[in-house]
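# Survey of secondary and tertiary structure
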Amino acid sequence: MSRRQKEPLRPLMDEDRVQLERVQRSRSDRAERVARATALLAVADGASYTEAAHRAGRRSGDGVAQLVSRFTAHGLAALDSRHGGGPARQ
């Protein structure tokens, strides 16, 4: 039995879905952005976080849960990488 999703994905606006599908089909975009778009679209289509992770080529649904939370808060900016630590970017 799966756990209840604490922060479900907000309903996608048409523009968001178009942009996510464009990134998902892209052959020149970074692989991490494509995987994130694939996971978000899978969740939007009703898949569980674990199933969305498998569709995106990931192993854990926990990362998808964090991605969904970030997407709900920041929108399409959630597809971009964040600063991973270390000295500040210059």
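Described below are features of the structure shown in this document.

### A closer look at helix α2 (residues 31-44)
- In this model, α2 (14 residues) spans 20 Å end to end at C-alpha, consistent with the 20 Å of a helix rising 1.5 Å per residue.
- Taken across its 14 residues, α2 has ten buried, putting it largely inside the fold.
- Contacts made by the buried residues of α2 are with α1 (14-25), α3 (49-55) and α4 (61-74).
- Of the residues flanking the end of α2, it is G46, one or two places downstream, whose phi is positive at about 105°.

### Points about α1
- Between the first and last C-alpha of α1 there are 17 Å, a value that for twelve residues agrees with the 16 Å anticipated at 1.5 Å per step.
- All of the buried residues along α1 are D16, L20 and V23. Within α1, the buried residues cover an arc of 65° as seen down the axis, which keeps them to one side. In α1, the exposed positions that point more than 90 degrees away from the buried face belong to D14, E15 and R25.
- Tucked into the core, α1 has its buried residues touching α2 and α4.

### Considering the side chain of R70
- Mapping R70 onto the fold places it in helix α4.
- The side chain of R70 is buried and forms no salt bridge, while E32, the nearest opposite charge, is found at 8.8 Å.
- With near-sequence residues (within four places) excluded, R70 lies in contact with R36, G75, A78 and R82.

### Concerning the packing of α2 against α4
- Running from N to C, α2 and α4 cross one another at 85°; their axes reach a closest spacing of 10 Å. The pairing of α2 with α4 is recorded here as roughly perpendicular in orientation. Here R36, A39, L40 and V43 of α2 come into contact with α4, specifically with V64, L67, V68, R70 and F71.
- Classifying every residue of the contact of α2 with α4 gives seven nonpolar, no polar and two charged.

### Considerations on the side chain of T38
- Take T38: it is sitting in helix α2.
- Other than its neighbours up to four places away in sequence, T38 contacts Q24, R55 and A56.

Thresholds applied
Residues numbered from 1 in each chain as written. Predicted model: local features only at pLDDT ≥ 70, side-chain atom pairs only at ≥ 80, totals over all residues. Heavy atoms only, no water. Helix = DSSP H or I, 4+ residues; strand = E, 2+ residues; numbered from the N terminus. Expected span 1.5 Å × (residues − 1). Buried < 20%, exposed > 50% of the residue type's maximum accessible area, 1.4 Å probe, protein only. Contact = heavy atoms within 4.5 Å. Arc of directions from axis to C-beta. Lys, Arg positive; Asp, Glu negative; His and termini not counted. Salt bridge = Lys/Arg side-chain N within 4 Å of Asp/Glu carboxyl O. Axes fitted to C-alpha atoms, helices over the stretch in contact; angles between N-to-C directions. Parallel < 35°, antiparallel > 145°, perpendicular 65-115°, else oblique. Nonpolar A, V, L, I, M, F, W, Y, C, P; charged D, E, K, R; others polar.

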